[in-house]
Protein chains: 2
Amino acid sequence: MLSRKIFLKLFAPHLSDNQADTDRLLAALHTARGIVPEDIEVPLLVMRRLPESLRTADWRVTAAVGRAAGGWRLQDVEPGDKTKRHFGLAVDAGTTTIAAAVVNLISGNIVAVTSGENAQAAVGKDILTRLQSAEEPGGLEKLRSLLVESVNRTAAKAAAEAGVNPVEITAVAVGANTAMIHFLLGLDPRYLYREPYIPAVNAPGLFRATDVGLDVHPEAAVYCMPGVGSYIGGDAVAGILVSGMHRQNEVALFVDIGTNMEIVIGNAEWLVAAAGAAGPALEGGIVKQGMRAVPGAVARVRIDPLTHRVTYTVIGGEKARGLCGSAVVDAMAGMLKAGIIDSAGTFRDGREAFVIVPAGEAAAGTDIAITQQDIKNFLRSKGAVSAAVETILASVGLLPHEIGWFYAAGAFGEHLDVKAAVATGLYPDLPRERIVVLGNSSLEGARRSLVSEEARRELGAICRRVTYCELNVNAEFMPRFAGSQFFPIVDPRI
Amino acid sequence: MLSRKIFLKLFAPHLSDNQADTDRLLAALHTARGIVPEDIEVPLLVMRRLPESLRTADWRVTAAVGRAAGGWRLQDVEPGDKTKRHFGLAVDAGTTTIAAAVVNLISGNIVAVTSGENAQAAVGKDILTRLQSAEEPGGLEKLRSLLVESVNRTAAKAAAEAGVNPVEITAVAVGANTAMIHFLLGLDPRYLYREPYIPAVNAPGLFRATDVGLDVHPEAAVYCMPGVGSYIGGDAVAGILVSGMHRQNEVALFVDIGTNMEIVIGNAEWLVAAAGAAGPALEGGIVKQGMRAVPGAVARVRIDPLTHRVTYTVIGGEKARGLCGSAVVDAMAGMLKAGIIDSAGTFRDGREAFVIVPAGEAAAGTDIAITQQDIKNFLRSKGAVSAAVETILASVGLLPHEIGWFYAAGAFGEHLDVKAAVATGLYPDLPRERIVVLGNSSLEGARRSLVSEEARRELGAICRRVTYCELNVNAEFMPRFAGSQFFPIVDPRI
């Protein structure tokens, strides 16, 4: 538990029991939970309120303690028994999307989960633009506050949905890539993306919410899941944890395709990771008319192989406004199977676009289509993943068919049709039961970090085991990347 | 050590050694000093500066770490080897006088020591007035800032004398009575002086300088020596530590007479303490023309038993401005021996005052004298000490002659003529070698707390051993107090 709440019935002091207020409370905590008084920091602001708090509550109080380096911090002392309401916040701070879940720390379950946009997009869609902007005067602070505000906004929405007052949240766990962690904490990311690619920190440890600027309980413990390096952050490490691949004997492939891609291959004996930003986002950003999976987004596309007639579904049932990631993959697989495009992604009849939603059915009154450029962009992303996987496999002397399991992480994978993803070559051609869609494993890792010390220890242990493969300096990657921007040859049996 | 400085030569990162900056530093600290990375809190402000600090210093840096609850806090990272300059601040925050010593944390020695007035005196000379004023709106905050400013002013003077930049001070240890600790930390002292006399805290633990408001390194570890109760604070506990009475077999009497008096009796087996504010301050405040032991104060007084001629010495050799504590005790003893006053403190010839410095020799051009009221005030203080000692002795079933050692603490005792103090009954009539003048043992305890973990542990152990004897509710104290406001019968052999 990143935070604990303990109900204490203290003895009221009298002349023959004149222990001081703070000492009395800490002694009771020691008796109740074995926490040594020397290991608890009592913030001045909490200590200043204590004499009144204890007496007003007639010596029956709920103490909230949060994890701190080497020990604990007394977070709050509330009157009466408040142990029934104890909440944490799990955050996945993605490059494009922020996901936040309010977690009931008693049951460990998610009470409400919401997502929102990362307002940093206004500075730059991709990480690199933001990293460069961070070097301008005031740039880092601007990115920091945009991100903190985005997290606060999303968290507030989740808290409202959960019926929780943000001040009731005494623990926060954050999953994010390394650059986003730098932005969140206001750390200089200058050396992150310059050879030899060194982050300011990989294991940030614990902070107080008030220091980070999060609008929850000011003394809430903020834990950032540790990362492996500049391009393999806590979000990917959480993915490994959630997949369980680090405990399996068979070799598994883990892929997180968001705005960036992170790839991990390994098993209980070894883990090799690689990352890249080798194409625009699949998360709705890969095609010109792409959008996030929100109401108005086309989620599913089917193309009749013979008639080329398109059927589609829209989230929320309203008029279509654009295509989300799963629709793009459906469309690619459909066009490929119907022979509309060849394995190089080129329209066989020379057309410039394939219409998914005709103008008359679209909200904006214009065609929603997949263009030749969209297909090239998709192939770049797919090619980056394939090339990275091939490069890692070669480095450890394995062949593609030796991969026993495939784990797909990221909000993108959640809505994806696995068959379509395999058909486009985005996912490996494994038996269906060996392809596991993890969903937002960064958020799930954060949830586990809130409730389990063991999970936090395991994250640290995974970090120490992962070997990072730097694709930017790997001589084999670029030729592989160039050679892998093709769709698989279509098997007419599918 | 409350703070440590460690010079680290880090390996510069490269592609095959891409550990992050913070992790690299903590790993090196682990190797150098065995401090586990999980036990060190890295403040955001320090982490934010780290990438530039490490590179500017070409990876040769001095890390300062300070004690925190349960572990350590990374205080600073400086370029190059800065281990030769490492300073702490020992503070005795007295009701009337603040003493501050800059301590070289390498040798453990005091580099410079200064004292200054506690500006809280403007609110009230005695503690009770201040406690009452703390309950007025804004009163506590005013007292807090007056005290913090007084400490900062005195510390700045000591630092200047030591040739130390205050920001080089990374550890602070404070000795003070419990009320002063409340004022320093801004803690509500409301329940301190109301039955059953409960402080907000007895063992305040560790704080950051920036939270307390001290003008030293913002991340300096601030340690307040623990107290036993409302009237036996960390200053008295420090006195016990410094006297060593808690390790002796013979019973010892410890007395700290400042603005308040604290009394401890005991040995290696038991310790009983009592306290009171049973008269005005001996620390220069007991007589109308009293002052602190600064230039211009009469320090020494001799009265010829036959001629009643007075000789005196003035601190700094300038014209006399008033009498400091040691002069008052000298004068009392002299008047007593010369038969000018009787054992009740009454002038035998009915006069109203006895002139120490005639108007012509005084700076102000008026007589500096001891009045009948001054003598009564002195007897009240002396009587309070005697009555408290008798009350404690009775409670443990001992007789006065069973006291083997006498320890005199406080700045007051430092300049005192022991023979005169015995003659007035202020000190017990023990062989000279059994009367030990400790000086400012609160300041010395603070110095030890800066450099020795063992000393801090011992302070905690002493606190747990001391039984507090609440004189305010002891039925035997008041009659004893009334009966002890007399000088000892003069032995003509002295």
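Everything that follows concerns the structure shown earlier in this document.
Residues numbered from 1 in each chain as written. Chains lettered and ligands numbered in written order. Predicted model: local features only at pLDDT ≥ 70, side-chain atom pairs only at ≥ 80, totals over all residues. Heavy atoms only, no water.

## Regarding the side chain of Arg-130 of chain A
Residue and element names in this part refer to chain A. Along the chain, Arg-130 falls in helix α3 (residues 127–133). Although Arg-130 is buried, it forms no salt bridge, and the closest oppositely charged side chain is Asp-126 at an N-O distance of 6.9 Å. A distance of 2.9 Å separates a polar atom in the side chain of Arg-130 from the backbone oxygen of Thr-95. The residues contacting Arg-130, other than those within four sequence positions of it, are Thr-95, Asn-118, Gln-120, Ala-121, Gly-124, Lys-125, Leu-143, Met-180 and Phe-183. (Helix = DSSP H or I, 4+ residues; strand = E, 2+ residues; numbered from the N terminus. Buried < 20%, exposed > 50% of the residue type's maximum accessible area, 1.4 Å probe, protein only. Lys, Arg positive; Asp, Glu negative; His and termini not counted. Salt bridge = Lys/Arg side-chain N within 4 Å of Asp/Glu carboxyl O. Polar contact = N/O pair within 3.5 Å; in protein donor to acceptor, adjacent residues only side chain to side chain. Contact = heavy atoms within 4.5 Å.)

## As for the sheet that holds strand β3 (residues 60–68) of chain B
All names here are of chain B. On the basis of which strands lie adjacent, the open sheet formed by 4 strands has the order β1-β3-β4-β2 and mixed pairing. Each having just a single partner strand, β1 (3–9) and β2 (40–41) make up the two edges of the open sheet. Pairing of β3 with strand β4 (residues 71–79) involves 8 bridges; the strand directions are antiparallel. By the bridge assignment for β4, Val-61 is matched with Pro-79. (Pairing = 2+ DSSP bridges.)

## Some remarks on the packing of aromatic side chains
Under the definition given, this model contains 10 aromatic pairs over all chains. Judged by centre distance (5.8 Å) and plane angle (5°), the rings of Phe-477 of chain A and Phe-481 of chain A are stacked. You can see Phe-477 of chain A and its partner Phe-481 of chain A sitting in helix α14 (residues 477–483), 4 residues apart, about one turn around the helix. Here Phe-378 of chain B and Phe-487 of chain B contribute two aromatic rings whose centre-to-centre distance is 6.0 Å and whose plane-to-plane angle is 20°, an arrangement assigned as stacked. Linking Phe-378 of chain B in helix α9 (residues 372–396) with Phe-487 of chain B in the segment after α14 (477–483), this pair joins segments that are 109 residues apart in sequence. Assigned by exposure class, Phe-378 of chain B and Phe-487 of chain B land together as buried. Over the face of the ring belonging to Tyr-223 of chain A we find Arg-456 of chain A, whose NZ or CZ atom lies 5.7 Å from the ring centre. (Phe/Tyr/Trp six-rings, centres within 6.5 Å; stacked < 30°, edge-to-face > 60°. Lys NZ or Arg CZ within 6 Å of the ring centre and 35° of its normal.)

## Some thoughts on the interface of chain A and chain B
A common way to report how large an interface is uses the accessible area buried once the components associate. At the junction of the two partners, chain A supplies 47 residues and chain B supplies 47 residues. Summed over both sides, the interface between chain A and chain B buries roughly 3,900 Å², with carbon and sulfur atoms accounting for 60% of that surface. By the criterion of area lost to chain B, the three top residues of chain A are Leu-15, Leu-44 and Arg-48 of chain A, representing 15% of everything that side buries. Between the two partners, chain A and chain B, sit 4 salt bridges. Note that Arg-190 of chain A and Glu-52 of chain B form a salt bridge whose closest N and O atoms lie 3.8 Å from each other. Across the chain A-chain B interface, the total number found is 14 residue pairs in polar contact (both at pLDDT 80 or more). (Buried area = accessible area lost by both parts, 1.4 Å probe.)

## Focus: the relation of the copies chain A and chain B
At an RMSD of 0.1 Å, chain A and chain B line up after a rotation of 180° and a shift of 0.1 Å along the axis. Those values place the two copies in the arrangement expected of a two-fold rotation axis. In terms of proximity to the rotation axis, the leading residue of chain A is Gly-70 of chain A, whose C-alpha is 2.4 Å off the axis. Taken as a fraction of all interface residues of chain A, those also at the interface in chain B reach 100%, which identifies the copy contact as same-surface. (Least-squares fit on C-alpha atoms with pLDDT ≥ 70 in both.)

## Some words on the pairing of strand β4 (residues 71–79) of chain A
Two faces make up the sheet, and in a regular strand the side chains alternate between them. All names here are of chain A. With 7 of 9 residues buried, β4 lies mostly within the body of the structure. The sheet contact formed by strand β2 (residues 40–41) and β4 spans 2 bridges and is parallel. Directly across from Ile-40, in β4, lies its bridge partner Trp-72. Hairpin geometry of strand β3 (residues 60–68) and β4 is characterised by an intervening segment of 2 residues between the two adjacent antiparallel strands and by a positive phi of about 75° at Gly-70.

## Some remarks on helix α4 (residues 139–162) of chain A
Because an α-helix completes one turn every 3.6 residues, residues spaced three or four positions apart along the sequence face the same direction. Helix length check: α4 of chain A, at 24 residues, gives a terminal C-alpha distance of 34 Å against a target of 34 Å (1.5 Å per residue), a fit within 8%. Looking at the residues trailing α4 of chain A, positive phi occurs at Gly-163 of chain A, about 70°. (Expected span 1.5 Å × (residues − 1).)

## Quick look at the pairing of strand β11 (residues 252–257) of chain B
Residues and elements named next belong to chain B. For β11, the tally of buried residues reaches 6 of 6 residues, placing the bulk of the element in the interior. Residue alternation in β11 divides its side chains into two sets, Ala-252, Phe-254 and Asp-256 and Leu-253, Val-255 and Ile-257, and both sets are buried. Pairing of β11 with strand β19 (residues 405–409) involves 5 bridges; the strand directions are parallel. Pairing of Phe-254 across the sheet is with Tyr-407, part of β19.

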